[in-house]
Amino acid sequence: MENVISVNGLVKSFGRTRALDGLDLEVRRGEVHGFLGPNGAGKSTAIRVLLGLLKADSGTATLFGGDPWRDAVSLHRRLAYVPGDVTLWPNLTGGEVIELLGRLRGGLDTKRRDELIARFELDPRKKGRTYSKGNRQKVALVAALASDAELLVLDEPTSGLDPLMESVFQACVNEESGAGRTVLLSSHILAEAEALCDRVSIIRAGRTVESGTLADLRHLTRTSIHAELAGSPNGIGALAGVHDLVVDGDRVRFQVDNAELDTVLRALTTVGVRGLTSQPPTLEELFLRHYQKEEVPA
Amino acid sequence: MTGTWQLFRLALRRDRVVLPLWTILLGLFPGLVASSFASLYPDPAELASFAASMSNPSLTAVYGPIWSPDLGGLTAWRSSIVLLIVCLATAFTVIRHTRAEEEQGRRELLGSTVVGRTAGLASALLVALLAAVVVGGLTALGTAAAGADGTGSFALGLQYFLACLLFAAIAAVLAQVAQGARTARWIVGAVLTGSFLLRMVGDAGGDLNSPLSWISPIGFLQRIRPFADERWWPAAVALVVAAALAAVAYRLNARRDLDAGLIAPRPGPARAPRSLLSPLGLAWRLQRTTLFGWLVGYAVLGLFLGSATDAASDAVRESPDLADAIGRVGTGASIADMVIATGMAIIGIGAAGQGVQAALRARGEESALRAEPLLAASVGRLRWAGSHLLFAFAGPALGLLVAGVFLGAGYGASADEGAGAIGRVLGAAAVQIPAVWLTVAIVVLLFGLLPRLTTLGWAVLAFFLLLGQLGAILQLSQWALDLSPFTHLPSLPGGEVTATPLVWLVALAAALTAAGLTGFRRRDIASGG
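For clarity, every value in this text was computed on a predicted model and none was experimentally measured. (Residues numbered from 1 in each chain as written. Chains lettered and ligands numbered in written order. Predicted model: local features only at pLDDT ≥ 70, side-chain atom pairs only at ≥ 80, totals over all residues. Heavy atoms only, no water.)

*Asks:* How should the overall build of chain B be read in this particular structure?
*Replies:* Broken down by element type, chain B carries 24 helices and 0 strands. The C-alpha atoms of chain B give 24 Å as radius of gyration, which agrees with the globular expectation for 529 residues (24 Å, within 12%). Dimensions of chain B, computed from C-alpha atoms along their principal axes, come out at roughly 65 × 55 × 40 Å. In chain B, which comprises 529 residues, the share counted as buried stands at 55%. Of the accessible surface of chain B, which amounts to about 21600 Å², a share of 67% is contributed by carbon and sulfur atoms. Across chain B, the centroid of the 36 positively charged side chains sits 17 Å from that of the 29 negatively charged ones. (Helix = DSSP H or I, 4+ residues; strand = E, 2+ residues; numbered from the N terminus. Rg over C-alpha atoms; globule rule 2.2 N^0.38 Å. Buried < 20%, exposed > 50% of the residue type's maximum accessible area, 1.4 Å probe, protein only. Areas by Shrake-Rupley, 256 points an atom, 1.4 Å probe, with all protein chains shown as cover. Lys, Arg positive; Asp, Glu negative; His and termini not counted. Charge placed at Lys NZ, Arg CZ, Asp CG, Glu CD.)

*Asks:* Whenever I open this one, the overall build of chain A confuses me. Can you help?
*Replies:* Along its length, chain A carries 10 helices and 13 strands. Across its three principal directions, the C-alpha atoms of chain A cover 70 × 45 × 35 Å. For chain A, restricting intrachain contacts to residue pairs at least 6 apart in sequence, the fraction spanning at least 24 positions comes to 68%. Total accessible area on chain A is roughly 13000 Å²; 48% of this is exposed by carbon and sulfur atoms. For chain A, the centre of its 36 positive side-chain charges and the centre of its 40 negative side-chain charges are spaced 6 Å apart. (Contact = heavy atoms within 4.5 Å.)

*Asks:* Which parts of the structure should I look at to understand the packing of aromatic side chains?
*Replies:* For any pair of aromatic rings, the description consists of the separation of the ring centres together with the inter-plane angle of the planes. Following the criterion strictly, the structure yields 17 aromatic pairs over all chains and no others. An angle of 10° between the planes, with centres 5.6 Å apart, marks the rings of B:W214 and B:W233 as stacked. Linking B:W214 in helix α12 (residues 211-215) with B:W233 in helix α14 (residues 233-255), this pair joins segments that are 19 residues apart in sequence. Taking the relative accessible area as the measure of exposure, B:W233 reaches 48% and is therefore partly exposed. Looking at A:R78, its charged tip hangs above the ring of A:F64, at a distance of 4.0 Å from the centre. Lying over the aromatic face of B:W214, B:R223 brings its terminal NZ or CZ to 6.0 Å of the ring centre. (Phe/Tyr/Trp six-rings, centres within 6.5 Å; stacked < 30°, edge-to-face > 60°. Lys NZ or Arg CZ within 6 Å of the ring centre and 35° of its normal.)

*Asks:* Hey, could you run me through the confidence of the model for chain B in this one?
*Replies:* As a note on interpretation, predicted positions should not be read in detail where pLDDT is low. Scored by pLDDT, chain B comes out at a mean of 87, with 94% of its residues at no less than 70. Taken element by element, the predicted model of chain B shows its lowest mean pLDDT in helix α16 (residues 320-329) of chain B (57) and its highest in helix α21 (residues 433-449) of chain B (97). (pLDDT = per-residue confidence, 0-100.)

*Asks:* In this structure, what is going on with a nonpolar patch on the surface? I would like to understand it.
*Replies:* Residues and elements named next belong to chain B. On the surface, W5, L126, L129 and V133 cluster together into a nonpolar patch covering about 360 Å² of accessible area. Per element, the largest residue contribution to the nonpolar patch is 3 residues, and it comes from helix α9 (residues 119-145). Tracing the chain through its elements places W5 in helix α1 (residues 4-14). Since its relative accessible area comes to 53%, W5 is described here as exposed. (Patch = residues over 30% accessible without salt bridge, like charges linked within 9 Å, V, L, I, M, F, W, Y side chains within 5 Å. Salt bridge = Lys/Arg side-chain N within 4 Å of Asp/Glu carboxyl O.)

*Asks:* Explain the pairing of strand β1 (residues 3-14) of chain A to me, please; I cannot follow it from the model alone.
*Replies:* On any regular strand, side chains alternate: one points to one face of the sheet, the next to the other face. Residues and elements named next belong to chain A. Here 9 bridges tie β1 to strand β2 (residues 17-28), and the two strands are oriented antiparallel to one another. Bridging from a neighbouring strand, L10 pairs with L23 of β2. Linkage of β1 to β2, two consecutive antiparallel strands, is achieved through a turn of 2 residues, within which G15 is found at a positive phi near 60°. Taken together, the 5 bridges between β1 and strand β4 (residues 58-63) define a ladder with antiparallel strand orientation. Within β4, the position partnered with I5 by the bridge is L63. (Pairing = 2+ DSSP bridges.)

*Asks:* Before we go on, may I ask you to explain the domain arrangement of chain B in this structure?
*Replies:* Frequently, the measure chosen for interface size is the accessible area that the parts lose on association. Residue and element names in this part refer to chain B. You can read the domains of chain B as domain 1 (1-263) and domain 2 (276-529). Taking only C-alpha atoms, the centre of domain 1 and the centre of domain 2 are 25 Å apart. Listed as interface residues are 26 residues of domain 1 and, on the opposing side, 27 residues of domain 2. When domain 1 packs against domain 2, the two sides together hide about 2500 Å² of surface, and 78% of this comes from carbon and sulfur. Where domain 1 touches domain 2, the interface holds 0 salt bridges. Counting the contacts that link domain 1 with domain 2 gives 4 residue pairs in polar contact (both at pLDDT 80 or more). When contributions to the side of domain 1 that touches domain 2 are tallied by element, the ones reaching two or more residues are α2 (18-40), α3 (44-54), α4 (57-63), α6 (80-97) and α11 (181-204). Ranked by residues supplied to the side of domain 1 that touches domain 2, first place goes to α2 with 7 residues. (Domains from an automatic or database assignment. Buried area = accessible area lost by both parts, 1.4 Å probe. Polar contact = N/O pair within 3.5 Å; in protein donor to acceptor, adjacent residues only side chain to side chain.)

*Asks:* Please explain the confidence of the model for chain A as it appears in this structure.
*Replies:* Per-residue pLDDT for chain A has a mean of 88; in total, 96% of the residues score no lower than 70. Mean pLDDT across the elements of chain A ranges from a minimum in helix α10 (residues 283-295) of chain A, with 67, to a maximum in strand β6 (residues 151-155) of chain A, with 95.

*Asks:* Any chance you could explain the interface of chain A and chain B here in plain terms?
*Replies:* On the chain B side, the residues contacting the 38 residues of chain A number 38 residues. Looking at the side of chain A facing chain B, the largest losses of area belong to A:L53, A:W89 and A:L104, adding up to 20% of the total buried there. Linking chain A with chain B are 4 salt bridges. For B:E372, the salt bridge is made with A:R48, and the minimal N-O distance between the two is 2.7 Å. The interface formed by chain A and chain B holds 19 residue pairs in polar contact (both at pLDDT 80 or more) in total. Looking at the side of chain A that touches chain B, the elements that each hand over two or more residues are β1, α2 (72-76), β5 (79-82), α3 (94-105) and α4 (110-119) of chain A. Considering each element in turn, the side of chain A that touches chain B owes the most residues, 8 residues, to α3(A). Looking at the side of chain A that touches chain B, its residues break down into 17 nonpolar, 7 polar and 14 charged. (Nonpolar A, V, L, I, M, F, W, Y, C, P; charged D, E, K, R; others polar.)

*Asks:* Can you help me understand the side chain of B:T23 in this one?
*Replies:* Residues and elements named next belong to chain B. Mapping T23 onto the fold places it in helix α2. Assessed through its relative accessible area of 4%, T23 is described here as buried. If we ignore the near neighbours within four places in the chain, the residues touching T23 are A131, V134, V135 and L138.

*Asks:* Any chance you could explain the side chain of B:Q222 here in plain terms?
*Replies:* Residue and element names in this part refer to chain B. When you line up the elements, Q222 lands in helix α13 (residues 217-222). Residue classification places Q222 among the buried residues on the basis of a relative accessible area of 6%. The contact partners of Q222, leaving out residues within four places of it in the chain, are Y63, G64, W67, S80, L83, Q159 and R199.

Below, the structure written as structure tokens:
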């Protein structure tokens, strides 16, 4: 499959701070790719390098097979960008900004624009300085979603949206993805990434720590099990791969490494199972594990 | 007013470099001018004859009258340009710590803490008061130390102190009325220009009690008459007016909502006109109000100066002593030509200010992260920067031509010289353009190579202004004077024009602009964090 974005060993420093420290990222054509990490992990810096706004110190980055720094102008005709911190011109209305950005990207679908304005409940007649953060973000989102771009680069696009608008946003991204567009979605809202993304890359301190489909990532981790047993759960704690066991009479609660899932379930059925719920790890758990793991010096 | 003291300390911390720099440097200026005069003309008789030679209408129009022909009087007269800069600097300081803070959303953050709603205004005025004390105090001490009369030095210091307070109070009111810091700064600039113009026209006629000079805040303060039988009541009046304006600002501040001005925002169009849909269209939209403001300013200033010129040269013709004195100093050019040339030199600096302002707009857009969405669309960096720089280069050139036409027309009409005057005056305006462009090019160079220091463009402009106005008096050597591009311009109308310096200035401006733009293409775009 062709890569829309591929980044290898990207390094970018600001003075003494190393914002990107060997970042890798692959976004395939047609996928929604989650770019996850906490504040300050380097997500926005990486996106700005991909947009040719910042020049990388070393490493390679290609966008549609081109050089994002050298070919910025021609590449930008094929993408639309929503910055994390949307600032508008104080004396231009939202409607004017949407049209301006659409035109400068090379095209705006006016029918889709009107539909999006209605769906996001945006008043396009207000001046930039009078919009709230969420409404500024809506302006940028409408401009990006109504463009004909092949690639949408969205940098924490929902941080100011309320839950209703968040669901409108998710529906829109699904439509775009269905229409064959590629989306790079940077976020620290894991539920959003979980709902939207085909694949994710988790970054920390400017470096990619994990990348793959959610299923891939889950495979490497643990499932949490709640079970009500027919007898005493003796010996379960001693099985390989069982963690954080809590025993409450006949009930048990624990986490199990996915590799050992089969063995542990067999042990449970030997005792006799009356009730069982199993939950795949949430992205949140994946995320926390990565950060906790890295915080302890190896 | 809870929290005023903490906000005051925060403001001092933020301004820890800029505030000492301008208060001390500008405060020291009158003293430097005084000691320079003292060493140039040690004999009071020499001072008096120098004063007589300087008492011509064109210089009176620019600097105001010489109230007394001695060391102090000449110092007060010659430093009056510094007074204008001091007013502007104090006003900008107040706006920076009030409306600009509010516009950036920082006041909101502080407002949620234990800080009273008027604390921001109160702390900004305290900073202005401190600046006023430093400037006024240094002026008085410096002038007295150079050997000028003690009471007069005190009065001169008081004049500077009150000018600071008055413009701080005006700025405080405007910061409440205008919703944007830019608008507030713009109106302060207009008020200052207006008071300068009123005083200029009032004084140019030779009547020391012209009502025009009295209603100008600057002219009013100069009528404290330091070193010439001082009058104290204007000082008291100025103090009362400043206090009243500050009180008005408090009332407005206490009543209005955060972020609100007196003018409520109206809804605008939901669709963009076609003319907006390009980088140049956007730059035009962002810069046009400012451009029109400048053009109106040039036209008014040109008309004023043009129609005052003939009256001024008549005054000289009727006074043989004055004509004789000027003949000794002058280059043989006619009086009217001298007046026009002096005026054009000031307008030229103004035009450079316009250029610097327009060029800084590019950096302002970038720092506010408003360049990012355009550069992330398919707009090349040169196209984006060029759309703003067009206003920085063509704007002042257009402005100078407007000034030339209106000055020529005003002069031609009052002196019965007709349309022929326009051509001569237009030439005088046009020769300013290369120096203006070089000043703008320095800003472009900073923008491309040292973007964080781009605002130093204002310091460069102030440096050129001071070199031109005070360089000769401070006995700076020729190489120092040559640092300012304005030194190399021919004195027109009436002077000789040689192409070489003009060509060099334009070539240098082109080279610096090219270097700046090359740097801009290669550097990172500001990313805010």
